[in-house]
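Each chain, letter by letter, is given below.
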Amino acid sequence: MCTFRDGWGDLSKLNAKLLAISGDYVFSHMAWAKAEKLTFPLLQDHDHAVAKLYNSFNAQNGVDRRTVFLIDKDGIIRYKNMAFKPAAKEDYGALRAALEKLQAGS
């Protein structure tokens, strides 16, 4: 999340909105978001309903995987990374390239 916080200014220039979703309890992730000064909404999915819909829930250990989805204004998934690594420049770069491609096509 902090990688997105630190780099979001660059990606927001591509007319994108970021919504983060956490499987943690609402009070713990709200406190964490405030402490980390997140500049985007951190939504709560404690029952993992959204994670299950997007195949991001790991039933073996009961937690959500770190995944990234780029969804266009019509609700179509245009990019996904099912094993996003926040510190990996190639993952962040692939997301940026997908955003640029989506912007060029609109």
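The present account deals with the structure reproduced in this document.

Some points on the side chain of Asn58
Structurally, Asn58 is set in strand 3 (residues 57-58). On the basis of relative accessibility, which here comes to 16%, the residue Asn58 falls in the buried class. At a separation of 3.0 Å, a polar atom in the side chain of Asn58 contacts the main-chain amide nitrogen of Gln60. Beyond its immediate chain neighbours, meaning those up to four positions away, Asn58 contacts Val63 and Arg65.

Observations concerning the side chain of Asp91
Among the secondary structure elements, Asp91 is positioned in helix 4 (residues 89-105). Looking at Asp91, its side chain comes within polar contact range of the side chain of Asn81, at 3.5 Å. In this view, Asp91 contacts Tyr79, Asn81, Ala83, Phe84 and Lys85; residues no more than four positions away in its chain are not counted.

Parameters at a glance
- Residues numbered from 1 in each chain as written.
- Predicted model: local features only at pLDDT ≥ 70, side-chain atom pairs only at ≥ 80, totals over all residues.
- Heavy atoms only, no water.
- Helix = DSSP H or I, 4+ residues; strand = E, 2+ residues; numbered from the N terminus.
- Buried < 20%, exposed > 50% of the residue type's maximum accessible area, 1.4 Å probe, protein only.
- Polar contact = N/O pair within 3.5 Å; in protein donor to acceptor, adjacent residues only side chain to side chain.
- Contact = heavy atoms within 4.5 Å.

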